[in-house]
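Chains, contacts and geometry: an overview
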Amino acid sequence: MQAALKLTPEMSVETKSKATAKKAVTHPNSWVFFDGEFGRYHDIKLGLMTHALHYGTGCFEGIRAYWNEKQEQLYLLQAPAHYERLRRSANVMRMTVPYSTEELVNLTVELLRRNQFKSDVYVRPLLYASSEEIGVRLHDLQHSFFIYATPFGKYVEVEAGIRCVVSSWRRVPDQSLPARAKITGSYAQSALAKSEAIESGFDEAIVLTVDGHVSEGSAENVFMLKDGVFVTPPVTDDILEGVTRTLLMSLIKDELGKPVVERSIDRTELYTCDELLLCGTGAQISPVVEVDRRPVGGGSVGEFTQELQSIYFGAVRGEVAKYKDWTIPVY
Ligand SMILES: Cc1ncc(COP(=O)(O)O)c(C=O)c1O
């Protein structure tokens, strides 16, 4: 029998309706950082022929900052790790990030301060081919870089758990389009999987590799608990090497005292495991209670997943002394 779901402060904020993404909308007057300067969103103009718009030749990050109401403080989560991954993605795409990681973190803090956010925020840095010309390639192109930030709540609902379906779309293999690089063009594949899942009445897709192993969600990494061991697909199963995944691996070991194993996962292990969760910057920790119409574990949020959620949501809001170094205070 699963323990009853405890509502953490994070979880009590909104409704318990089923998972649908909250739309992050544009704020025309908000501050953005674009090609070396701070300016207003509505003053930025992109040409119709911008290379990346046509060919997906960009790479990006998604970073969260969490508002702590009691402390009146905004905590930027894992910014250096995200910017390091941006650098690696850029290298795959024959691009160079035009700032050091320290400079990027400082620019992000400055951007958040200028916008005076007092809510949870999503930060989107994007490096892209800005040449305005026809011709698909990576070399010999100009690049632009911006950082945009917007108030942002939950990407998927995390309270009652989500219902997943194994996608009919397969994950792009490393030999076709490297999933470990966060490339704008790759997200057409995630969009195919996500819309198929939502329009079929599920909350999220779980995508398999071409050889049929579990890879990840449309924008999340996967963990399952089976026989007392947490298992997550290895970085060689066409996943994005998630920042949240790394954080969870250490929480599982240090807080739950459970082993974490990186190994390939078969589809039917999703039906037979004890607990299942998706994790990511957007999705945070999302318990999965059903896959392909089969209940996972007891069909409700697992005990260890709940425990992870409660530690994670405290840590990201700067409330756990031991994990203070996960975040950077903005104000
Ligand atoms: C395809 C994909 N996998 C996994 C993740 C989770 O990565 P992270 O924890 O770094 O946000 C994301 C989110 O960006 C993603 O887009």
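Residues numbered from 1 in each chain as written. Predicted model: local features only at pLDDT ≥ 70, side-chain atom pairs only at ≥ 80, totals over all residues.

1. A word on the overall build of the protein chain
Along the protein chain, the regular secondary structure elements total 7 helices and 17 strands. The globule rule puts the C-alpha radius of gyration for 331 residues at 20 Å, and the 20 Å found for the protein chain is close to it. Expressed along its principal axes, the backbone C-alpha trace of the protein chain runs to roughly 55 × 50 × 35 Å. Going through the 331 residues of the protein chain one by one, you find that 44% of them count as buried. For the protein chain, the proportion of contacts with a sequence separation of at least 24, taken over those separated by at least 6, is 71%. (Helix = DSSP H or I, 4+ residues; strand = E, 2+ residues; numbered from the N terminus. Rg over C-alpha atoms; globule rule 2.2 N^0.38 Å. Buried ≥ 20, exposed ≤ 12 C-beta atoms within 10 Å, placed from the backbone. Contact = placed C-beta atoms within 7 Å.)

2. Quick look at the nonpolar core
In terms of nonpolar packing, the biggest core is built from 80 residues, with A65, L76, L112, M224 and V288 touching the most fellow members. Counting residues per element, this core draws most heavily on helix α7 (residues 303-316), at 6 residues. Residues from two domains meet in this core; each of domain 1 (31-151) and domain 2 (162-322) gives at least three. Among all residues touching M224, those that are not within four sequence positions of it are V231, I265, E269, L270, C273, E275 and L276. (Core = buried A, V, L, I, M, F, W, Y, C linked by C-beta atoms within 7 Å. Domains from an automatic or database assignment.)

3. Some details on the pairing of strand β4 (residues 63-68)
Judged from the 3 bridges that link them, β4 and strand β6 (residues 121-129) form a sheet pairing that is antiparallel. Bridging across to β6, I63 finds its partner in V123. The pairing of β4 with strand β5 (residues 73-77) spans 4 bridges and is classified as antiparallel. Note that in β5 the partner of Y66 across the bridge is Y75. The hairpin turn running from β4 into β5, its antiparallel successor, is 4 residues long, and E72 in that turn takes a positive phi close to 50°. (Pairing = 2+ DSSP bridges.)

4. Some remarks on unusual backbone geometry
For E72, which is not glycine, the phi torsion reads 50° and is therefore positive. Inspection of the secondary structure assignment puts E72 in the loop between β4 and β5. With 9 C-beta atoms packed within 10 Å, E72 lands in the exposed category. Look at D292: it is not a glycine, yet its phi comes out positive at around 50°.

5. Digging into the pairing of strand β10 (residues 214-217)
As paired strands, strand β9 (residues 204-208) and β10 are joined by 3 bridges and run antiparallel to one another. Its bridge partner lying in β10, L208 is registered against V214. Counting the residues between successive antiparallel strands, the hairpin from β9 to β10 contains 5 residues, one of them, G212, with a positive phi of roughly 95°.

6. A closer look at the packing of helix α2 (residues 79-92) against helix α3 (residues 101-115)
Here α2 crosses α3 at 125°, and the two axes come no closer than 9 Å. Comparing their axes, α3 and α2 come out oblique. As for how α2 packs across α3, the hand of that crossing is right-handed. Residues A79, P80, Y83 and E84 of α2 form the contact with α3, whose participating residues are T101, L104, V105 and T108. Grouping the constituent residues of the contact of α2 with α3 by class yields 5 nonpolar, 2 polar and 1 charged. (Axes fitted to C-alpha atoms, helices over the stretch in contact; angles between N-to-C directions. Parallel < 35°, antiparallel > 145°, perpendicular 65-115°, else oblique. Left-handed = near helix turned anticlockwise from the far one by under 90°. Nonpolar A, V, L, I, M, F, W, Y, C, P; charged D, E, K, R; others polar.)

7. Overview of α3
If you check α3, its first and last C-alpha atoms are 21 Å apart, about what 15 residues at 1.5 Å a residue would give, namely 21 Å. Taken together, the buried positions of α3 are occupied by L104, T108, L111 and L112. Taken around the axis of α3, the buried residues stretch over an arc of 95°, which confines them to a single face. Exposed side of α3, more than 90 degrees from the buried face: E102 and E103 are the residues found there. Phi turns positive one or two residues past the end of α3, at Q116, with a value near 50°. (Expected span 1.5 Å × (residues − 1). Arc of directions from axis to C-beta.)

8. Digging into the domain arrangement of the protein chain
Under the domain assignment, the protein chain is made up of domain 1 (31-151) and domain 2 (162-322). For domain 1 versus domain 2, the distance between C-alpha centres works out to 25 Å. Secondary-structure elements contributing two or more residues to the side of domain 1 that touches domain 2 are α1 (51-55), β3 (58-60), β4, β5 and α2. It is α2 that contributes the most residues to the side of domain 1 that touches domain 2, 6 residues altogether. Residue composition of the side of domain 1 that touches domain 2, grouped by class: 12 nonpolar, 10 polar and 4 charged.

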